[in-house]
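Single-letter residue listing:
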Amino acid sequence: MAPNLDSFGRDRALYQEHAKRRIAEREARRTRRRQAREQTGKTADHLEGLSSDDEETSTDITNFNLEKDRISKESSKVFEDVLESFYSIDCIKSQFEAWRSKYYMSYKDAYIGLCLPKLFNPLIRLQLLTWTPLEAKCRDFENMLWFESLLFYGCEEREQEKDDVDVALLPTIVEKVILPKLTVIAENMWDPFSTTQTSRMVGITLKLINGYPSVVNAENKNTQVYLKALLLRMRRTLDDDVFMPLYPKNVLENKNSGPYLFFQRQFWSSVKNSEYGDDSIKKAQNVINCFPKQWFMNLKGERTISQLENFCRYLVHLADTIYRNSIGCSDVEKRNARENIKQIVKLLASVRALDHAMSVASDHNVKEFKSLIEGK
């Protein structure tokens, strides 16, 4: 009997079976995380959707490891019919070190220092074939054999010349090999929704910036390509994977309902803003925590960067809404509303939107404006 195919050419019954299994596995992971929070007493601090769904299914892990092992075995055969002296980094390095030591001027005139990164490039790429800093137990590339072998290349006892290009051997390899590798990982492997993957991506990026400033900087072409890949990947995630449902206010009042939980999960998984509510200030604070502080260091005047203007207007609107909702309420609720408005003033000041902060303080008679913007 011919299979029933959907509009994409997939076996409808088989696809639905896979979809049900994925849903069941996802819910099982959420249940395990919830039980773990209950055991550690962290249930009260949890926000639905904030945890990173980084647990892979056993099927995915098995398939990945099998494919990785297959690639590793195949890669070990690349030089099986080649003499060691032609593919071993140590052997090749020792030959050039001997040339450099005995006939330095000839070595220099042949521009060997400029050729070595290109010569070692394919050999190092082979060792980095299964390397990805997104994995938990990924080995630091600075602890790999190729790095340790080349670390002191050209550092013999005699005095080095100022223009000795061999000094830049490893930084050049980082530029020509590590950065392109990370660019491919950012484009095809990194999941911006994954907290652990994103933390590791940030970690390796900061490591390169701090450890190799001569090549990993704003003027370097490969660095620009890498940063652009990160930006486009985040933009693609926002365009394709983020969906914020627009529910009526009365639907979200029931905090145990499916729509409310789905809305919260969507927000906290993407750290976006939402309509006003009791937790809107906390969400706005989490959004601001994601902004680099360097954005606001050298701003002049009372206005923040133009890209945050709509966000600041939302905070101003939120303050007005909180005030209107407190009219006619009890004294306790009014005090809570006033504290929330003060918090909004602090949030606006933290992104240097002083014009909006002063407007909110003036409209709602916040007398502690100076102490609020100073963070006291």
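Residues numbered from 1 in each chain as written. Predicted model: local features only at pLDDT ≥ 70, side-chain atom pairs only at ≥ 80, totals over all residues. Heavy atoms only, no water.

### A short note on the overall build of the protein
Our working definition: Secondary structure elements follow DSSP: runs of H or I no shorter than four residues count as helices, runs of E no shorter than two count as strands, and numbering proceeds from the N terminus. By definition in these notes, contact holds between two residues if any of their heavy atoms fall within 4.5 Å. Reported accessibility uses the Shrake-Rupley method at a 1.4 Å probe radius. Residues are deemed covered only where the shown protein chains occlude them.
Of the regular secondary structure elements, the protein holds 16 helices and zero strands. In the protein, of all internal contacts separated by at least 6 residues, the share reaching a separation of at least 24 is 63%. A total of about 24,200 Å² of accessible surface is found on the protein, and carbon and sulfur atoms cover 54% of it.

### Notes on the pattern of salt bridges
We apply this condition: The working definition used for a salt bridge is a side-chain nitrogen of Lys or Arg within 4 Å of a carboxyl oxygen of Asp or Glu. For every residue, the accessible area (1.4 Å probe, protein chains only) is compared with the maximum for its type, and the residue is labelled buried under 20%, exposed over 50%, or partly exposed between those bounds.
Following the criterion strictly, the structure yields 11 salt bridges and no others. The partner of Glu135 in a salt bridge is Lys68, and the shortest N-O contact between them spans 3.2 Å. Taken together, the residues span a long stretch of sequence, with Glu135 in the loop between α5 (112-127) and α6 (145-150) and Lys68 in helix α2 (residues 58-75) at a distance of 67 residues. Lys176 serves as the salt-bridge partner of Glu175, at 3.9 Å between the closest nitrogen and oxygen. Taking relative accessible area as the criterion, Glu175 reaches 14% and is therefore assigned buried. Linked by salt bridges that have partners in common, Arg303, Glu309, Arg313 and Asp355 make up one network.

### Let's talk about the nonpolar core
The following threshold applies: As used here, the term nonpolar core means buried Ala, Val, Leu, Ile, Met, Phe, Trp, Tyr and Cys residues forming a set that is joined through side-chain atoms within 4.5 Å.
Ranked by size, the top nonpolar core spans 39 residues in total, and within it Ile124, Phe141, Trp146, Leu150, Ile178 and Leu208 carry the most contacts. Elements that contribute at least two residues to this core include exactly α3 (89-102), α4 (104-109), α5, α6, α7 (169-188), α8 (195-211) and α9 (221-241). Those residues in contact with Ile178 that lie beyond four places of it in its chain are Leu128, Trp131, Phe141, Trp146, Ile173 and Leu208. Among the nonpolar cores identified, the runner-up in size contains 30 residues, and Phe291, Leu347, Leu348 and Ala361 belong to it.

### As for the packing of helix α12 (residues 280-289) against helix α13 (residues 309-326)
This is how the line gets drawn: Note on method: axes are straight lines fitted to C-alpha atoms, helices fitted across the in-contact stretch only, with angles between N-to-C directions ranging 0 to 180 degrees. Under this scheme an angle from 65 to 115 degrees is roughly perpendicular, one under 35 degrees roughly parallel, and one over 145 degrees roughly antiparallel; angles in between are oblique. Crossing handedness is defined as follows: a turn of the near helix away from the far one that is anticlockwise and smaller than a right angle gives a left-handed crossing, while the clockwise case is right-handed.
Running from N to C, α12 and α13 point in directions that differ by 160 degrees, and their axes come no closer than 11 Å. By the criterion of interaxial angle, the relationship of α12 to α13 is roughly antiparallel. Handedness of the α12/α13 crossing: left-handed. For the pair formed by α12 and α13, the contact residues are Ser280, Ile281, Ala284, Val287 and Ile288 on the first element and Phe311, Tyr314, Leu315, Leu318 and Ile322 on the second.

### Looking at unusual backbone geometry
Phi is positive for Arg352, which is not a glycine, with a value near 65 degrees. Tracing the chain through its elements places Arg352 in the loop between α14 (331-350) and α15 (354-363). Although it is not a glycine, Asn365 adopts a positive phi angle of roughly 55 degrees. Within the secondary structure, Asn365 is located in the loop between α15 and α16 (369-373). Residue classification places Asn365 among the partly exposed positions, given a relative accessible area of 47%.

### Examining α15
Selection criterion: To be clear, the arc concerns the directions from the helix axis to the C-beta atoms.
Three or more residues of α15 are buried, namely Leu354, His356, Ala357, Val360 and Ala361. The arc that holds every buried residue of α15, seen down its axis, measures 160 degrees, which confines them to one face. Across α15 from its buried face, at more than 90 degrees, point the exposed residues Ser362 and Asp363. Each element contacted by the buried residues of α15 is listed here: α13, α14 and α16.

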